[in-house]
Amino acid sequence: MSMKLIQKKGPRGALKRWLAEEEEAAVRNVFGRKQVRSAQERALAEHVILEMRKSELWLQCSCVGGDSPALNSANLKSETQTLYLSGFSHSHDPSCPMFRVFKGDEGATRAGTRKSAGSKRLNYRDFLPADESDATIKAPGKPVNTGEDRTRRKRRPRLARLLMTLIEDAGLNTFSPISPLPNQTARTWLDALAASAGAQEFIRDRVLSEIVRFQPAMNEAAQVRLMLELELEHPDANWPAGKARVFYQIFMSDQVSREHVTFSWNGGERQFFPERGVSINGESQEGVRPPYWVILAFRRGTEGGVICSEGYAHALFRRTCPVPVDSMLERQTLEGIAEVARWLKGRAGDLTLVKPLFDIEVDVEGEKGFVLPDFIIQAKMPDGREHTVVIETMGYIDDEYCERKSEQHKGMRALGSLQTDPPRWPQELDKPFKNHLYGFMLNLGTAKNG
Ligand SMILES: [Zn+2]
């Protein structure tokens, strides 16, 4: 026997039952080879898939060994209301009748990686929006539609890419050591971003910090002066051709919604209502996971004044260590990683933590694709050996989201050892993530003696 049914929850990964030999044969023939030899066989296979659907079970096959078994889920085709066995995560062994070339969607490669990068750095020399000053339509408060993506990896808006590129260039998403975590004032981080913007040009001889600002409290008169400088004091030759005159403000905020953003300082606050609304990374509704990084774009409005045209917000870990995070769960994972680093006391070498902000190209089975892991730990041993550990947060309640997230695991393994939080997803271990990761890292550190 090699196929079993395991629970999706309560506890996840627990054995429900092994399939009987004739059930296995039926599943392989009906769903694998697509050959029905008898009505009885069809009935057996249908019974299994119905049980999976009703009792929330995965079918686990033993054709691939190790911690990452091949799994199938009983999914419903909405158009035809028919159930089918869908593979995800790690495909079956090519010799297994259940093996299918991965077909998550049109944007995925056979190995489950993305065919194109959803999140790319932008080029400071070519990022300003087109000048549409003659074609402006006023549509107040309309939220920016960010579209759908199977793994919530939408194509990031340009504003988001500008913020993330600046954060990466200022090194705010990479730090070593991991324990203690960086602990600097918000001002220190903003100064680092400003310094980074001051070292880049958006056109020859003009530095990015002229248009990327860190003074959201700037009053209207100062905004107008700044806009006039951009419009008048420089001939067209010094502005990218056909591009809008825009400036940006970057800051941290605890109050973010789809309609407005508040910047607070000691004794004051200022609210912004971007004309096209605020898009919030990974959130379709309100800003429920502060604090946030915020970037706002300002341009000349149709009525002559300077208006806030667009906003983007991205949750950060904490103000004293403002790594962008995608969820509350990622915050917990990051705290767990820091604690593990503290326990290790250097026994897994020098550790560097990277929060990737942009897709990473990988090569799986000869096919190029893109993955975006949640965290990467780089361990450098005293003897020069280096290890890369990829950390993926999987603790979401939504099973289908986890299934989709795991489609990329094969691609992530091309980068290094993959560890999930909770550990060994989809199994449910008694061991907490921190203890599991600690054991794993300790083993890396001592492996040379083994
Ligand atoms: Zn299999």
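Fair warning: this is a prediction, and the values are worked out from it, not measured in the lab. Counting of residues starts from 1 at the beginning of each chain's written sequence and follows it residue by residue. Under the rules for a predicted model, residues below a pLDDT of 70 receive no local features and side-chain atom pairs below 80 are neither given nor counted, while totals for whole chains, interfaces and linings still include all residues.

Re the overall build of the protein
Here a helix means four or more residues in a row that DSSP labels H or I, a strand means two or more in a row labelled E, and each is numbered from the N terminus. Helix and strand counts for the protein come out as 9 helices and 23 strands. If one aligns the C-alpha atoms of the protein with their principal axes, the spans along those axes are about 80 × 55 × 40 Å. Per-residue burial over the protein gives 36% buried out of 450 residues. Any residue pair is listed as a contact if its two C-beta atoms, each placed from the backbone, are within 7 Å. Pairs at least 24 residues apart make up 64% of the contacts formed inside the protein by residues separated by at least 6 positions. Around each residue's C-beta, the other C-beta atoms within 10 Å are counted; 20 or more make the residue buried, 12 or fewer make it exposed, and counts in between make it partly exposed. All C-beta atoms are placed from the backbone.

Quick word on the pairing of strand β5 (residues 82-88)
Summarising the sheet, strand β4 (residues 70-77) and β5 pair through 7 bridges and their orientation is antiparallel. The residue of β5 that forms the bridge with Leu-76 is Leu-83. Where β4 folds back onto β5 in an antiparallel hairpin, the turn is made up of 4 residues, including Gln-81, whose phi is positive at roughly 55°. Paired strands are those between which DSSP finds at least two bridges.

Overview of the nonpolar core
The nonpolar side chains of soluble globular proteins are, as a tendency, buried together. In these notes, a nonpolar core means any group of buried Ala, Val, Leu, Ile, Met, Phe, Trp, Tyr and Cys residues linked to one another through C-beta atoms within 7 Å. Counting residues in hydrophobic clusters, the biggest one holds 66 residues, and the most contacted among them are Leu-163, Val-294, Ile-295, Ala-313, Ile-337 and Ile-377. Looking at which domains feed residues into this core, each of domain 2 (158-175 + 184-322) and domain 3 (327-449) gives three or more. Here Ala-313 is in contact with Val-256, Val-261, Val-278, Ile-280, Asn-281, Gly-287, Tyr-292, Trp-293 and Val-294, once residues within four sequence places are set aside. Annotation comment: domain bounds sourced from an automatic or database domain assignment.

Topic: the domain arrangement of the protein
As far as domains go, the protein holds domain 1 (3-88), domain 2 (158-175 + 184-322) and domain 3 (327-449). Look at where the C-alpha atoms of domain 2 and domain 3 centre, and you get two points 32 Å apart. Contacts between domain 2 and domain 3 engage 9 residues on the former and 10 residues on the latter. Of all the secondary structure elements, the ones that give two or more residues to the side of domain 2 that touches domain 3 are α3 (158-169) and β6 (174-175). Among the elements that take part in the side of domain 2 that touches domain 3, α3 stands out by supplying 3 residues, more than any other.

Notes on helix α7 (residues 399-406)
What α7 keeps buried is the set Cys-402, Glu-403, Arg-404, Lys-405 and Ser-406. Of the surrounding elements, those touching the buried residues of α7 are β4, β5 and α8 (409-412).

What about the environment of Arg-270?
Among the secondary structure elements, Arg-270 is positioned in strand β13 (residues 268-272). Of the residues examined, Arg-270 has 14 C-beta atoms within 10 Å and is grouped as partly exposed. A C-alpha to C-alpha distance of 71 Å links Arg-270 and Gln-40, two positions 230 residues apart in sequence. Sequence-distant contacts of Arg-270, that is, excluding residues within four places in its chain, are made with Pro-216, Ala-217 and Phe-263.

What about the environment of Arg-53?
If you trace the backbone, Arg-53 turns up in helix α2 (residues 39-55). With 14 C-beta atoms packed within 10 Å, Arg-53 lands in the partly exposed category. For Arg-53 and Ala-74, which are 21 residues apart along the polypeptide, the C-alpha to C-alpha distance reads 5.5 Å. Discounting residues that sit within four places of it in the chain, Arg-53 has contacts with Ala-74 and Leu-83.

Looking at the sheet that holds β4
The antiparallel open sheet is built from 5 strands, whose spatial order is β2-β1-β3-β4-β5. Among the strands making up the open sheet, the edge pair consists of β2 (15-18) and β5. Averaged over all pairs of adjacent strands, the angle between strand axes in this sheet comes to 30°, irrespective of strand direction. Two elements, strand β1 (residues 3-7) and strand β3 (residues 57-61), share 5 bridges in a ladder whose sense is antiparallel. Paired with Met-3 across the strands is Cys-61, a residue of β3. Between the N-to-C directions of two axes lies an angle of 0 to 180 degrees, each axis being a line fitted to C-alpha atoms and, for a helix, fitted only over the stretch in contact.

Re helix α9 (residues 433-446)
Over its 14 residues, α9 extends 20 Å from the first C-alpha to the last, a length consistent with the 20 Å expected when each residue adds 1.5 Å. Buried residues of α9: Phe-433, Leu-437, Tyr-438 and Met-441, and no others. End-on view of α9: buried residues confined to an arc of 125°, all on one side of the axis. Summarising the geometry of α9, the exposed residues directed more than 90 degrees from the buried face are Gly-439, Asn-443 and Thr-446. Any helix carries an expected span of 1.5 Å times its number of residues minus one. Starting at the helix axis, one direction is taken to each C-beta atom, and the arc is that of these directions.

Digging into the packing of helix α1 (residues 21-33) against α2
For the pair α1 and α2, interaxial distance at closest approach is 8 Å and the crossing angle is 95°. When the axes of α1 and α2 are compared, the pair comes out roughly perpendicular. Residues Glu-22, Glu-23, Ala-26, Val-27, Asn-29, Val-30 and Phe-31 of α1 form the contact with α2, whose own contacting residues are Glu-41, Arg-42, Leu-44, Ala-45 and Val-48. Note on residue categories: nonpolar means Ala, Val, Leu, Ile, Met, Phe, Trp, Tyr, Cys or Pro, charged means Asp, Glu, Lys or Arg, and polar means any other residue, Gly included. Of the residues contributing to the contact of α1 with α2, the split by class is 7 nonpolar, 1 polar and 4 charged. Angles are sorted into four bins: roughly parallel if under 35 degrees, roughly antiparallel if over 145, roughly perpendicular if 65 to 115, and oblique for all others.

What to know about unusual backbone geometry
For residues besides glycine, phi is generally negative; the peptide bonds are generally trans as well. Cis geometry is adopted by the peptide bond preceding Pro-180, which originates at Ser-179 and carries an omega value of -5°. Looking at the secondary structure, you find Pro-180 in the loop between β6 and α4 (186-198). Of note in the backbone geometry, Gln-81 takes a positive phi value of approximately 55° without being a glycine. Residue placement: Gln-81 occurs in the loop between β4 and β5. Classification of Gln-81 as exposed rests on a count of 7 C-beta atoms within 10 Å. Located in the positive-phi region is Arg-424, a residue other than glycine, with phi close to 55°.

Examining the pairing of strand β18 (residues 350-354)
Side chains Leu-351 and Leu-353 of β18 all project onto a buried face; the interleaved residues Asp-350, Thr-352 and Val-354 project onto a face where none is buried. Looking at chain direction, β6 and β18 are connected through 2 bridges and run antiparallel. Across the sheet, Phe-175 pairs through a bridge with Leu-353, a residue of β18. Relative to strand β21 (residues 375-380), β18 runs antiparallel, the two being bridged by 5 bridges. What sits directly across from Val-354, in β21, is Ile-376.

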